[in-house]
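Here is what each chain is made of, one letter per residue.
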Amino acid sequence: MAEPGFILPGRVFVDDRGRTAQLHGIGLQRIGDRWFAWGEDKTAGDRFTAIACYSSIDLARWRFEGDALIAAEGDIAPHRIIERPKALRRPDGRWVMFLHVDSGDYAFARVGYAMADRPEGPYEYVRSERPLGNLSRDIGVFQEDGVGYLLSEDRDNGLHIYRLRDDYLGVDSIVTTLRQQAKPDIGYESPTVVRHEGRYHLFGSDLTGWSMNDNMCTSADSLAGPWADWQPIAPPGAHTFESQVSVVAPVGDGFVYIGDRWTPDDLAESPAVWLPLRFDDGHPYLQWREAWSIEELNA
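Basis of the calculations
Residues numbered from 1 in each chain as written. Predicted model: local features only at pLDDT ≥ 70, side-chain atom pairs only at ≥ 80, totals over all residues. Heavy atoms only, no water. Pairing = 2+ DSSP bridges. Helix = DSSP H or I, 4+ residues; strand = E, 2+ residues; numbered from the N terminus. Axes fitted to C-alpha atoms, helices over the stretch in contact; angles between N-to-C directions. Buried < 20%, exposed > 50% of the residue type's maximum accessible area, 1.4 Å probe, protein only. Lys, Arg positive; Asp, Glu negative; His and termini not counted. Salt bridge = Lys/Arg side-chain N within 4 Å of Asp/Glu carboxyl O. Contact = heavy atoms within 4.5 Å. Core = buried A, V, L, I, M, F, W, Y, C linked by side-chain atoms within 4.5 Å. Polar contact = N/O pair within 3.5 Å; in protein donor to acceptor, adjacent residues only side chain to side chain.

How do you make sense of the sheet that holds strand E8 (residues 124-129) when you look at a structure like this?
Hydrogen bonds between backbone atoms are what pair the strands of a sheet, whose relative direction is either parallel or antiparallel. In spatial order, the strands read E5-E6-E7-E8; together these 4 strands make up an open sheet with antiparallel pairing. Looking at which strands have only one partner, the edges of the open sheet turn out to be strand E5 (81-89) and E8. Averaged over all pairs of adjacent strands, the angle between their axes in this sheet comes to 25°, without regard to strand direction. Pairing geometry for strand E6 (residues 95-102) and strand E7 (residues 110-116), over 7 bridges, is antiparallel. Counted as the bridge partner of Val96 is Met115 from E7.

What should I look at first to understand the pairing of strand E15 (residues 216-220) in this one?
Regular strands place their side chains on alternate faces of the sheet. Here E15 lies mainly inside the structure; 5 of its 5 residues are buried. Where strand E14 (residues 199-205) lies against E15, 5 bridges are found, and the strand directions are antiparallel. By the bridge assignment for E15, Tyr200 is matched with Ala220.

Looking at this structure, how should I read the side chain of Arg34?
Tracing the sequence through the fold places Arg34 in strand E2 (residues 34-40). Among buried Asp, Glu, Lys and Arg side chains, Arg34 stands out as unpaired, with Glu65 the closest opposite charge at 4.7 Å. With residues up to four places along the chain from it excluded, the contact list for Arg34 reads Gln29, Ser55, Ser56, Ile57 and Arg63.

When you look at the nonpolar core in this model, what are you seeing that I'm missing?
One broad rule of soluble globular proteins: the nonpolar side chains tend to lie buried together. Within the largest apolar cluster, 38 residues are counted, with the highest numbers of intra-cluster contacts made by Leu59, Trp62 and Trp274. Here this core takes 6 residues from strand E19 (residues 272-280), the largest share from any one element. Those residues in contact with Trp274 that lie beyond four places of it in its chain are Ile7, Pro9, Phe13, Ile26, Leu59, Trp62, Tyr257, Ile258, Gly259 and Trp292.

Please clarify how the side chain of Ser152 should be interpreted in this entry.
Within the secondary structure layout, Ser152 lies in strand E10 (residues 147-154). The exposure class assigned to Ser152 is buried, which follows from its relative accessible area of 0%. A distance of 2.7 Å separates a polar atom in the side chain of Ser152 from a polar atom in the side chain of Ser136. Each residue touching Ser152, except ones within four places of it in the same chain, is listed here: Leu135, Ser136, Arg137, Asp138, Ile139, Gly158, Leu159, His160, Tyr162 and Pro191.

Teacher, can you tell me more about the pattern of salt bridges here?
Opposite charge on two side chains allows them to pair when their charged atoms are near. The final tally for this structure, using the stated rule, is 18 salt bridges. As a salt-bridge pair, Arg17 and Asp15 come within 2.8 Å of each other at their nearest N and O atoms. Taken together, the shared-partner salt bridges connect Glu153, Arg155 and Glu189 into one network.

Sorry, what's going on with the sheet that holds E19 here?
With respect to topology, 4 strands assemble into an open sheet ordered E17-E18-E19-E20, the strand pairing being antiparallel. What marks the edges here is a single partner per strand, and that holds for strand E17 (244-251) and strand E20 (283-286). The mean inter-strand angle of the sheet, taken between neighbouring strand axes irrespective of direction, is 30°. Alignment of E19 against E20, held across 4 bridges, turns out to be antiparallel. Within the sheet, the bridge partner assigned to Phe279 lies in E20 and is Pro284.

Structure, rendered in structure tokens:
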């Protein structure tokens, strides 16, 4: 367990109940003076039980806020794969949760939508879709000036950035589609995007299943591109310190890389790798730290 206020990369977080915080595949938002996080509850392995919600004042100590969404029937039945929970607050104040909804063989490949009046839920599941007919696996979200965007990995066509409908419950159009320069037949998965000094930075992970890889980043002046060549964000060969990006979050004056170190035989105990993310000449990079605090980021 972390000392008060200190984050220890490569370990699990323990919540206020003394249990391992189920923050896998996390979504994160700052709301008032607290961060709210939604994670995959992996206590039943890879099959769906719930999306857990937690809150924190320092990203080190976590209070369990309850299950934001629980298994039911249909798309969110217990035999389903439900991953990558992300949440955005619409301009009207309601919350929309986005989910990767899949079958055990990953053939369903859809994005799901759920709604709530509060960030912690409970969320009511609404529907799923293949956005504009495309496969949708790992997802991320981004919001700017009240406009919402969905980032979605489509195994057939690459990594799409979609503009969401005004109600956030579906996609309106494709902004752009990106592929790997080394393997142009595919894109990157587990996408997340931030804006720094007027430029957008898009992060992703290679398609290697549970195995870790060198996560990459590209940048552009517009979400529509053109996007620069992909570059690693950690020392090449370090496999992003044995983790897979889930979110890069603005915190204080800087950013925090949030990744999962998947343990396939015990997914519920998969450690978290959270590190400060720095920019050098406009390029983001990570350095390993044994312990750190968000106070370093003036948060």
